[in-house]
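A closer look at the structure
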Amino acid sequence: MAETFNAFVITRDDDTKEQSAGWTTVSMEDLPEGDVTLRVRHTTMNYKDALAITNKSPVVRRFPMVPGIDIAGEVTASDSPDFAVGDEVIMNGWGVGEVHWGGYAQYARMKSDWLLKKPAGLSGADCMAIGTAGYTAALCVQRLLDAGLTPDKGTVLVTGANGGVGSFSVALLSALGFTVAASTGRPEEADYLKSLGASEIVDRAELSEKGRPLDKELYAGAVDSVGSTTLANVLSKVKYDGTVAACGLAQGFDLPATVMPFILRGVTLAGVDSVMAPKPRREAAWALLDKHLDRAKLAEITQEADIKDVADIAPDLIAGKIRGRLLFKVD
Ligand code: NDP
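Residues numbered from 1 in each chain as written. Predicted model: local features only at pLDDT ≥ 70, side-chain atom pairs only at ≥ 80, totals over all residues. Heavy atoms only, no water.

This part covers the nonpolar core. Membership of the largest hydrophobic core comes to 47 residues, with the highest contact counts inside it found for Ile130, Val170, Leu173 and Trp286. Mapped by element, the contributors of at least two residues to this core are helix H2 (124-146), strand S8 (156-158), helix H3 (164-175), strand S9 (180-184), helix H4 (190-196), strand S11 (219-224), helix H8 (279-292) and helix H9 (295-301). Looking at this core, the element that brings in the most residues is H2, giving 13 residues. Counting residues domain by domain, this core receives three or more from each of domain 1 (4-118 + 301-329) and domain 2 (133-271). Residue contacts for Ile130: discarding those within four places in its chain leaves Leu122, Tyr135, Phe168, Trp286, Leu289, Leu293, Leu298 and Arg325. One finds Ala7, Val36, Phe83 and Val96 within the second-largest nonpolar core, a separate group that totals 45 residues. (Core = buried A, V, L, I, M, F, W, Y, C linked by side-chain atoms within 4.5 Å. Buried < 20%, exposed > 50% of the residue type's maximum accessible area, 1.4 Å probe, protein only. Helix = DSSP H or I, 4+ residues; strand = E, 2+ residues; numbered from the N terminus. Domains from an automatic or database assignment. Contact = heavy atoms within 4.5 Å.)

The following block contains the structure:
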């Protein structure tokens, strides 16, 4: 194992609170506490990573910090009975990249409780192309399945469909045999969404303005990554006994809804969190992805980029200039 290695480190000046970030050399002793050390092989960039790098939002809560909330790598040292040297593992969330050093480095040290064995049918690169966005989509779809949703019950709506969570939700639901309606503000991407498996495109303007407390029952269920008025309208359009898995706030964190869909239609609003989700739920989500995610669609969503360029890529990602998922190989 190397004594020193390369890491992308975010630091903050205590007096001015100015943040700076760049590649530097760190030593093994600099790694945070944990019972498993990893050689990072692949990582990706999520919106949260881009916020951390650009300091557009106070994502980083401890300095110096190595960002990168998703990691695929192999174990190089382990004090855990659950992991042996050479095991291929993945990690998503758990406050990594916020309070614990993450994946933008050649090595990382983690708590074994945070690690999962890499799913057998997916490569480490696949897992990072999927990343937190795809894993969150799988958590949402799993919530709908757990609620008893089946394809015969009707169309499932996905909001923010061109986003990371939305794209994977469309692909997974269609692979499971559901008819999918994809709501988007980018109708020019309709062909892309249809190639992922959407049967119907809904203009997001139809959902983003204040609507009726109870509307026509159109959808058997929904995955919502948008929140706010959109989620309120989605709830009002879900059929009797339907379920909405809510994970995001792209429109806003408010929820200007009424209780009518709950008390008159028995609708369930199921919250989904990826960061602290317990291990069995994570394993189920990754198993769902392994079994059902179309690898050709995954390739279509993914673009490889050079990890040396993360500082330049982050502002572009925030500005919405990057389509699909980024994959970084960590050499
Ligand atoms: P993306 O930025 O990739 O996608 C968000 C999508 O939402 C956009 O592509 C757009 O879709 C739509 N959107 C953006 N702004 C608005 C708006 N003002 N009104 C309506 N729709 C809008 O993000 P992700 O897919 O990675 O994440 C989606 C959401 O889920 C985020 O809020 C994120 O913070 C959250 N999230 C939550 C997690 C959890 O653990 N709960 C984990 C991961 C993400 P389109 O162009 O198709 O209209």
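From this point on, the discussion continues.
For the rest of this paragraph, the subject is the site of the ligand. As a matter of local geometry, the ligand sits amid 23 residues, with Val165, Thr184, Gly185, Arg204 and Ser274 nearest to it. Between an oxygen atom of the ligand and a main-chain N or O atom of Gly163, the distance comes to 3.3 Å. In this structure, Arg204 approaches the ligand through a side-chain N or O atom, which is 2.7 Å from an oxygen atom. In the complex, 73% of the free accessible area of the ligand, which totals 920 Å², lies under the protein chains. (Near = heavy atom within 4 Å. Polar contact = N/O pair within 3.5 Å; in protein donor to acceptor, adjacent residues only side chain to side chain. Areas by Shrake-Rupley, 256 points an atom, 1.4 Å probe, with all protein chains shown as cover.)

The complete set of buried residues in helix H10 (residues 310-318) reads Val310, Ile313, Ala314, Leu317 and Ile318. The arc that holds every buried residue of H10, seen down its axis, measures 135 degrees, which confines them to one face. Backbone geometry just downstream of H10 places Gly320 in the positive-phi region, at approximately 70 degrees. (Arc of directions from axis to C-beta.)

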